[in-house]
Amino acid sequence: MSKALDTATAAAAVPGTSISAGYEKRLMVTAGRASLELGSKITSRLGLEPVVAGLKTFADGEVYCRYGESIRGADLFIIQSICASEREGLTPNDALMELLLMVHAAKHASAHRIIAVCPWYGYSRQDKKSAPREPISARLVAELLEVAGIDRLVTMDLHAGQMQGFFSKTVDHMTAMPILTQYVQDRLAGEDLAIIAPDAGRVKLVRNFARKVGAPYALMEKERPAQGVAEIGRVIGDVRGKTAVIVDDIIGTGGTLAAAAQTVLDEGAEQVYAVATHGLFSGDAYRTLVESPLAGIVVTDTVPLRDGAPDMVRQLTSADILTDSIRRIFLDDSVSEIFAGENQLF
Ligand code: R5P
C-alpha cells in the first residue's frame, strides 16, 4: 500500500459532517517503465512510496496496466518520458502506449486529477510539416494524451515552446537550464568561455545561458540535407582561444554535436564541451561522440542513460526540479517560483 500525502491533517472537520475539509487532496505518484529510476528519485524526495502500476507486456507485445491500490480521488502524477528503455526492452512507441494506458486506467479508476509528467516529450522534433505529406506527430501525441484523460502535462525543455499550444489542457513547461548553467559555473570557473548555439532555433536559450554564466555567445549555421544528417557551416561570433560550450536541447545520434565541435575548433576555440537536457544517444551516438573532438558532455536524466556510456558523458539529475514542480502543482503554489521568475528566460 503506498503512502499518500494529504492535506487533511491540518484541516478542521466540516461542521455537521465527519468529512475533513481537505479530504480529497491526496498526492499519489507512479512511474512507467521508461522512467522507473527517475520516478523512484522523485518519490523518495517526496517521502512517498510509488503507486504500483502493475505494468506488463503480453507475449504478443501488447501492454497492460492495473494499479495495485485505490487511486480514487487522488491527484495522480504519472512519470513517464516517451523514450526507449533498453533495460526494460521498450521502444518509444511502447512507452507512449504504456503512458496512454496508465492515464486511461487512472481515469476509469476515478483519480481526481491525472497529471502526466513527461520530462522528455517523444516525437517533439516532428512539430510541424517541413515537407508535404508529413504528419505533425507532436500534435498527435498531445491529442492522444488528452483523449486518454490527462488533466495537465508537466514537461521539460520542449524542442519548441510553442508546442504547449497543441494542448487545450494546462502545460507546465519546466527547464533544466539552471542545472546546466550551475554545472558550467562550477566546473568551468576561470575558463574564458563562449557559449554556442548549434542552430538558429537555440539562439534565445543560448543568449540567456551565456548571460547567466557571464560569457559571450556565438551561433552556428546548421543544415539538414537529409533526416539524421547534420551539416554545420560557419560560426557567427568569435570563439578564438575560448573554451566553447555548445548548448542543445537534445542529443540524438550525436551528429550535430560532433560536426559543431569540429567547426568550433577549426574556428580557433581551444577546447569544446557540450551540455543538453535530453541525452537520447541513439544508434551509434556513443561512438560518434567518442571519436569527436568534444572534451566532455553533460546531460540530465530526463531519459535513462543507455548502457555503455563513455567516461566523457556525465549525467545530472532533474529530479529536484520535477519534485518541486509536483509539490507545487499539488498544493496550487506558483511553479515559476522554482526558477525565481527566470524560467521565461529559457
Ligand atoms: C535540433 O534541432 C536539435 O536541437 C538537436 O540539435 C538535434 O535533435 C540533435 O540531433 P543529432 O544528435 O541526431 O544530430
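In this report, the structure presented in the accompanying data block is examined. (Residues numbered from 1 in each chain as written. Predicted model: local features only at pLDDT ≥ 70, side-chain atom pairs only at ≥ 80, totals over all residues. Heavy atoms only, no water.)

A short note on the pairing of strand E12 (residues 243–251)
In the case of a regular strand, side chains alternate between the two sheet surfaces.
Working step 1: In terms of residue burial, E12 counts as a mostly covered element, since 9 of its 9 residues are buried.
Working step 2: Where strand E9 (residues 193–197) and E12 come together, 4 bridges link them in parallel fashion. Each residue of the ladder has a partner; that of Ile195, found in E12, is Val245.
Working step 3: Relative to strand E13 (residues 271–279), E12 runs parallel, the two being bridged by 8 bridges. Pairing of Ile251 across the sheet is with Gly279, part of E13.
Working step 4: Taken together, E12, helix H6 (residues 255–266) and E13 form a β-α-β motif whose crossover is right-handed. (Buried < 20%, exposed > 50% of the residue type's maximum accessible area, 1.4 Å probe, protein only. Helix = DSSP H or I, 4+ residues; strand = E, 2+ residues; numbered from the N terminus. Pairing = 2+ DSSP bridges. Right-handed = clockwise from strand over helix to strand, strands pointing away.)

Considering the site of the ligand
Working step 1: The immediate surroundings of the ligand are formed by 15 residues, with Asp248, Asp249, Thr253, Gly254 and Thr256 found nearest.
Working step 2: One of the side-chain nitrogen or oxygen atoms of Asp248 is found 2.5 Å away from an oxygen atom of the ligand.
Working step 3: Separating an oxygen atom of the ligand from a side-chain N or O atom of Thr256 is a distance of 2.5 Å.
Working step 4: Contact with the protein chains removes 91% of the 380 Å² of surface that the ligand exposes when unbound.
Working step 5: Put simply, the ligand lies in the largest pocket.
Working step 6: Listed by contribution, the elements that provide at least two residues to the shell around the ligand are strand E10 (217–226), E12 and H6.
Working step 7: The element best represented in the shell around the ligand is E12, accounting for 4 residues.
Working step 8: The residue makeup of the shell around the ligand, split by class, is 2 nonpolar, 6 polar and 7 charged. (Near = heavy atom within 4 Å. Polar contact = N/O pair within 3.5 Å; in protein donor to acceptor, adjacent residues only side chain to side chain. Areas by Shrake-Rupley, 256 points an atom, 1.4 Å probe, with all protein chains shown as cover. 1 Å grid on protein atoms, 1.4 Å probe; cavity = no way out; pocket = protein on both sides within 12 Å on 5 of 7 lines; lining within 4 Å. Sits in = over half its atoms within 2 Å of the grid points. Nonpolar A, V, L, I, M, F, W, Y, C, P; charged D, E, K, R; others polar.)

Re the nonpolar core
Side chains of nonpolar character tend, in soluble globular proteins, to be buried together.
Working step 1: Within the largest apolar cluster, 43 residues are counted, with the highest numbers of intra-cluster contacts made by Phe77, Ile195, Phe209 and Val247.
Working step 2: Beyond its immediate chain neighbours, meaning those up to four positions away, Ile195 contacts Val206, Phe209, Ala210, Val213, Ala215, Pro216, Tyr217, Ala218, Val245 and Val247.
Working step 3: Among the nonpolar cores identified, the runner-up in size contains 34 residues, and Ala53, Tyr67, Ile78 and Val141 belong to it. (Core = buried A, V, L, I, M, F, W, Y, C linked by side-chain atoms within 4.5 Å. Contact = heavy atoms within 4.5 Å.)

Describing the state of the cysteines
Working step 1: Enumeration according to the criterion identifies 0 disulfides in this entry.
Working step 2: Of all cysteine sulfurs in the structure, the one in Cys118 sits closest to Cys83, which takes part in no disulfide; the separation is 9.8 Å. (Disulfide = S-S within 2.5 Å.)

Observations regarding the packing of helix H4 (residues 177–187) against helix H5 (residues 203–213)
Working step 1: Look at H4 against H5: their axes get within 10 Å of each other, and the N-to-C directions meet at 45°. It follows from the interaxial angle that H4 and H5 lie oblique. Both H4 and H5 take part in a crossing whose hand is right-handed. Each of Met177, Leu180, Thr181, Val184 and Gln185 in H4 lies in contact with H5, whose residues at this interface are Leu205, Phe209, Lys212 and Val213.
Working step 2: Its residues assigned to classes, the contact of H4 with H5 shows 6 nonpolar, 2 polar and 1 charged. (Axes fitted to C-alpha atoms, helices over the stretch in contact; angles between N-to-C directions. Parallel < 35°, antiparallel > 145°, perpendicular 65-115°, else oblique. Left-handed = near helix turned anticlockwise from the far one by under 90°.)

Side note on the side chain of Asp75
Working step 1: Counting through the fold element by element, Asp75 comes out in strand E5 (residues 75–79).
Working step 2: Separated by 2.9 Å, the side chains of Asp75 and Arg113 make a polar contact.
Working step 3: Excluding residues within four positions of it along the chain, Asp75 makes contact with Lys25, Arg26, Leu27, Met28, His112, Arg113, Ile115 and Phe330.

Here we look at unusual backbone geometry
Working step 1: Backbone geometry at Ser110 places phi at a positive 65°, although glycine is not the residue there.
Working step 2: Positionally, Ser110 belongs in the loop between helix H2 (92–108) and strand E6 (113–118).
Working step 3: Residue classification places Ser110 among the partly exposed positions, given a relative accessible area of 30%.
Working step 4: In this model, Arg133 sits at a positive phi of 70°, which is unusual for a non-glycine residue.

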